[in-house]
Amino acid sequence: MNLDTAGLPAALVDEAWRSWQYILESAGDEVAQRLAAALADRAEAGQLARMLACSPFVTDLLRREPGMFLELVDSGQLQQSLSEDAFRDQLDQRLSAEGVDRDRLLRRFRAWHMLRIVWRDFSRLADTLETVRDTSLLAEATIAAAVESCQAELEQRFGVPLGRESGERQQLIVLAMGKLGARELNVSSDIDLMFVFPEAGQTDGGKKQLSNEEFFIRVGQGVNSALDKVTADGFVFRVDLRQRPYGESGALAHHFAALEDYYQDQGRDWERNAMIKARPVTGD
């Protein structure tokens, strides 16, 4: 396939060609031929040189995952603006497959959409509002999937967490702070999260009972690991949990009453302001 380098400065042309040859060598003959066929007469063919010349992230990802790039080109999603529900719907569908490795799938899902988001940004197919919206929706989808999976796993071991007063099932609620709270997340941002749940109480129906606080601390630890842990597939998002009450010395999860007491009696002004900007990304 001839790389369309029209309009690129000479120095960038050389960089684009070097990167493309590197990708094709890594892909092997079969995938390289399929890529050339898929890109023929496609809009992506005219956008590829700019991406390779200007984005080391895209070059490295295409070298490591040429098959993913091929699938993404075939899907047409590089040229499409997605609906708000598309991220969660796509992720739920992939997670429903039998025998799926959740943590690996989350990281590959993140790579898929980060490639799409950066591609559309560099190709001027998306404005800044779409770029930060899609990055935020990607984060929200992966957080929600991690919470649902981690809580379900722990309920199998310890039973369902019930509220002491209501007797109702309790669900971990994740509050997004900062850029994610405003849906203004950029592609290199950390995500600032806080874990809360409605009521104190304890689990019911498991081999061992836990207080709701103990239970949701374990859920929060699982969510943090599912998103932040670096594996051979990278990470999903870097997670910052330091804005919770008492910072790093505080419990990882708090029920509503404890949270209210803290912000009324002990929270500093900047923490109260941060809470005003917080937004739930999971839970009711």
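The structure this text deals with has already been given above.
Thresholds, definitions, all that
- Residues numbered from 1 in each chain as written.
- Predicted model: local features only at pLDDT ≥ 70, side-chain atom pairs only at ≥ 80, totals over all residues.
- Heavy atoms only, no water.
- Helix = DSSP H or I, 4+ residues; strand = E, 2+ residues; numbered from the N terminus.
- Buried < 20%, exposed > 50% of the residue type's maximum accessible area, 1.4 Å probe, protein only.
- Contact = heavy atoms within 4.5 Å.
- Areas by Shrake-Rupley, 256 points an atom, 1.4 Å probe, with all protein chains shown as cover.
- Lys, Arg positive; Asp, Glu negative; His and termini not counted.
- Charge placed at Lys NZ, Arg CZ, Asp CG, Glu CD.
- Polar contact = N/O pair within 3.5 Å; in protein donor to acceptor, adjacent residues only side chain to side chain.
- Axes fitted to C-alpha atoms, helices over the stretch in contact; angles between N-to-C directions.
- Parallel < 35°, antiparallel > 145°, perpendicular 65-115°, else oblique.
- Left-handed = near helix turned anticlockwise from the far one by under 90°.
- Nonpolar A, V, L, I, M, F, W, Y, C, P; charged D, E, K, R; others polar.
- 1 Å grid on protein atoms, 1.4 Å probe; cavity = no way out; pocket = protein on both sides within 12 Å on 5 of 7 lines; lining within 4 Å.
- Points joined across faces, edges and corners; volume = space filled by probe spheres on them.
- Salt bridge = Lys/Arg side-chain N within 4 Å of Asp/Glu carboxyl O.
- Core = buried A, V, L, I, M, F, W, Y, C linked by side-chain atoms within 4.5 Å.

Trainee: What is the right way to read the overall build of the protein from this model?
Mentor: Each helix and strand in the protein was counted, giving twelve helices and seven strands. Burial statistics for the protein: of 284 residues in total, 49% are counted as buried. Here the analysis covers contacts within the protein between residues at least 6 apart in sequence; of these, 71% occur between residues at least 24 apart. Within the structure as shown, the protein displays about 14,100 Å² of accessible surface, and the carbon and sulfur contribution to it stands at 46%. Mean positive and mean negative side-chain charge positions of the protein (33 and 46 charges, respectively) differ by 3 Å.

Trainee: In this structure, what is going on with the side chain of Glu 199? I would like to understand it.
Mentor: Mapped onto the secondary structure, Glu 199 falls in the loop between β3 (191-197) and β4 (201-205). Only 3.0 Å separates the side chain of Glu 199 from the backbone nitrogen of Glu 165, close enough to count as a polar contact. Of the polar contacts made by the side chain of Glu 199, one reaches the side chain of Ser 166; its length is 2.4 Å. Once residues lying within four places of it in the same chain are set aside, the contact partners of Glu 199 are Gly 163, Arg 164, Glu 165, Ser 166, Gln 170, Asn 212 and His 255.

Trainee: Could you clarify how one ought to interpret the side chain of Glu 140 in this entry?
Mentor: Here Glu 140 is to be found in helix α8 (residues 128-158). Residue class for Glu 140 comes out buried when judged on its relative accessible area of 10%. The residues contacting Glu 140, other than those within four sequence positions of it, are Leu 180, Arg 183, Arg 279 and Val 281.

Trainee: Where do I start with the packing of α8 against helix α10 (residues 212-228) in this structure?
Mentor: Interhelical geometry of α8 versus α10 gives an angle of 135° and a closest axis separation of 9 Å. With respect to α10, the element α8 is oriented oblique. By crossing handedness, the relation of α8 to α10 is classed as right-handed. Together, Thr 142, Ile 143, Ala 146, Val 147, Cys 150, Gln 151, Leu 154, Glu 155, Arg 157 and Phe 158 of α8 and Phe 215, Phe 216, Arg 218, Val 219, Gly 222, Val 223, Ala 226 and Leu 227 of α10 make up the contact between the two elements. When the residues that make up the contact of α8 with α10 are grouped by side-chain class, the tally is twelve nonpolar, three polar and three charged.

Trainee: In this structure, what is going on with the layout of surface pockets? I would like to understand it.
Mentor: Here the idea is plain: a probe the size of a water molecule rolls over the atoms and shows the empty space left. When its volume is computed, the largest pocket comes out at roughly 400 Å³. Taken together, 22 residues make up the lining of the largest pocket; nearest its centre are Phe 57, Arg 64, Arg 110, Met 114 and Phe 235. For the lining of the largest pocket, the secondary-structure elements that each account for two or more residues are α4 (56-64) and α7 (102-122). Considering each element in turn, the lining of the largest pocket owes the most residues, seven residues, to α7. Of the residues contributing to the lining of the largest pocket, the split by class is eleven nonpolar, four polar and seven charged. Here the second largest pocket defines a volume of roughly 210 Å³. Together, Glu 65, Gly 67, Met 68, Glu 71, Arg 94, Asp 101, Arg 104, Leu 105, Arg 108 and Trp 112 line the second largest pocket.

Trainee: I'm lost on the pattern of salt bridges in this one. Help?
Mentor: Side chains carrying opposite charge are able to pair once their charged atoms draw close together. For the coordinates displayed, the defined rule picks out 18 salt bridges. For Glu 84, the salt bridge goes to Arg 183, with nearest N and O atoms at 3.3 Å. Here the residue Glu 84 occupies a position in the loop between α5 (66-75) and α6 (86-95), and Arg 183 occupies one in the loop between α9 (178-181) and β3, the gap between them amounting to 99 residues. Using a relative accessible area of 42% as the deciding quantity, one classes Glu 84 as partly exposed. The class for Arg 183 is partly exposed, based on a relative accessible area of 25%. Between Arg 102 and Glu 153 there is a salt bridge whose closest N-O contact spans 3.4 Å.

Trainee: Even after reading the chapter, I still don't get the packing of α7 against α8, so can you show me in this structure?
Mentor: The description of two helices packed together rests on the angle between their axes and the distance between the axes. Across the interface, α7 lies against α8 with an axial gap of 10 Å and an inter-helix angle of 175°. The angle between α7 and α8 falls in the class roughly antiparallel. In this structure, α7 contributes Arg 102, Leu 106, Phe 109, Arg 110, His 113, Met 114, Arg 116, Ile 117, Arg 120 and Asp 121 to the contact, and α8 contributes Glu 130, Thr 131, Asp 134, Thr 135, Leu 138, Thr 142, Ala 145, Ser 149, Cys 150 and Glu 153.

Trainee: Is there a simple way to explain the environment of Ala 258 in this structure?
Mentor: Looking at the secondary structure, you find Ala 258 in helix α11 (residues 256-265). For the pair formed by Ala 258 and Pro 245, sequence separation is 13 residues and the distance between their alpha carbons is 9.3 Å.

Trainee: Please explain the nonpolar core as it appears in this structure.
Mentor: Buried together is how nonpolar side chains tend to be arranged in soluble globular proteins. Among the nonpolar cores identified, the biggest contains 43 residues, and Ile 143, Ile 191, Leu 193 and Phe 195 are the most heavily contacted of them. Elements that contribute at least two residues to this core include exactly α6, α7, α8, β2 (173-177), β3 and α10. For this core, the element with the most residues is α8, which contributes eleven residues. For Ile 191, the contacting residues outside a window of four places in its chain are Ala 139, Ile 143, Leu 180, Leu 185, Leu 227, Phe 237, Arg 238, Val 239 and Asp 240. Core analysis: the next-biggest nonpolar cluster, separate from the first, contains 31 residues, Ile 23, Leu 35, Phe 69 and Ala 111 among them.

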